[in-house]
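# Observations on the three-dimensional arrangement
The primary structure of each chain is shown beneath.
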Amino acid sequence: MAVIMTFNELRRIKDQLPSGSMQRIADDLNLNVETVRNYFGASNYKSGEVAGIHFEEGPDGGAVTIDDDSILNKAKEILAENE
């Protein structure tokens with residue numbers, strides 16, 4: 001089932017992650033770090049890939065539909081560890 005949130009909600013999660021989290025998520029999920037960064041709104045598709053996420057313009061940064069929530073779940077896991 002897809003997860004839908006605003007882009008600003010997704011960015012708040014990213015902004016709360018401790019330093020090095022992008023690389024840790026990439027390593028844990030066997031992904032390129034640029035793919036993880038693209039998931040959170042970057043657009044480096046020469047080095048990274050699209051990661052099961054779709055952006056639509058709109059209020060509060062627009063809507064984000066997440067087909068594959070593995071990166072989101074790993075980010076939330078890291079945040080829970082640091083509470």
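So, here's what we can say about the structure. (Residues numbered from 1 in each chain as written. Predicted model: local features only at pLDDT ≥ 70, side-chain atom pairs only at ≥ 80, totals over all residues. Heavy atoms only, no water.)

## Thoughts on the packing of helix α1 (residues 7-16) against helix α4 (residues 70-81)
Rules: A fitted line through C-alpha atoms represents every axis, and for helices the fit uses only the stretch in contact; the resulting angles, taken between N-to-C directions, go from 0 to 180 degrees. Secondary structure elements are taken from DSSP: a helix is a run of H or I of four residues or more, a strand is a run of E of two residues or more, and numbering for both begins at the N terminus. Here the angle decides the label: under 35 degrees means roughly parallel, over 145 means roughly antiparallel, 65 to 115 means roughly perpendicular, and every other value means oblique. Left-handed describes a crossing whose near helix is turned anticlockwise from the far helix by less than a right angle; the clockwise case is right-handed. A contact between two residues is defined here by any heavy atoms of the two lying within 4.5 Å.
Between α1 and α4, the shortest axis-to-axis distance is 10 Å and the interhelical angle comes to 45 degrees. By the angle between their axes, α1 is oblique relative to α4. Crossing angle aside, the handedness with which α1 passes α4 is left-handed. Residue-level contacts link Leu10, Ile13 and Gln16 of α1 to Leu72, Ala75, Lys76 and Leu79 of α4.

## Some thoughts on the side chain of Lys74
Here is the rule we go by: Only protein chains enter the accessibility calculation, which uses a 1.4 Å probe; a residue whose area is less than 20% of its type maximum is buried, one above 50% is exposed, and one in between is partly exposed. Any N or O atom pair separated by 3.5 Å or less is treated as a polar contact, with the protein-specific requirement of one donor-capable and one acceptor-capable atom, and with residues adjacent in sequence counted only for side-chain atom pairs.
Structurally, Lys74 is set in helix α4. Of the residues examined, Lys74 reaches a relative accessible area of 15% and is grouped as buried. A polar side-chain atom of Lys74 sits 3.4 Å from a polar atom in the side chain of Asp28.

Function cannot be inferred from these measures alone, as they are strictly geometric.
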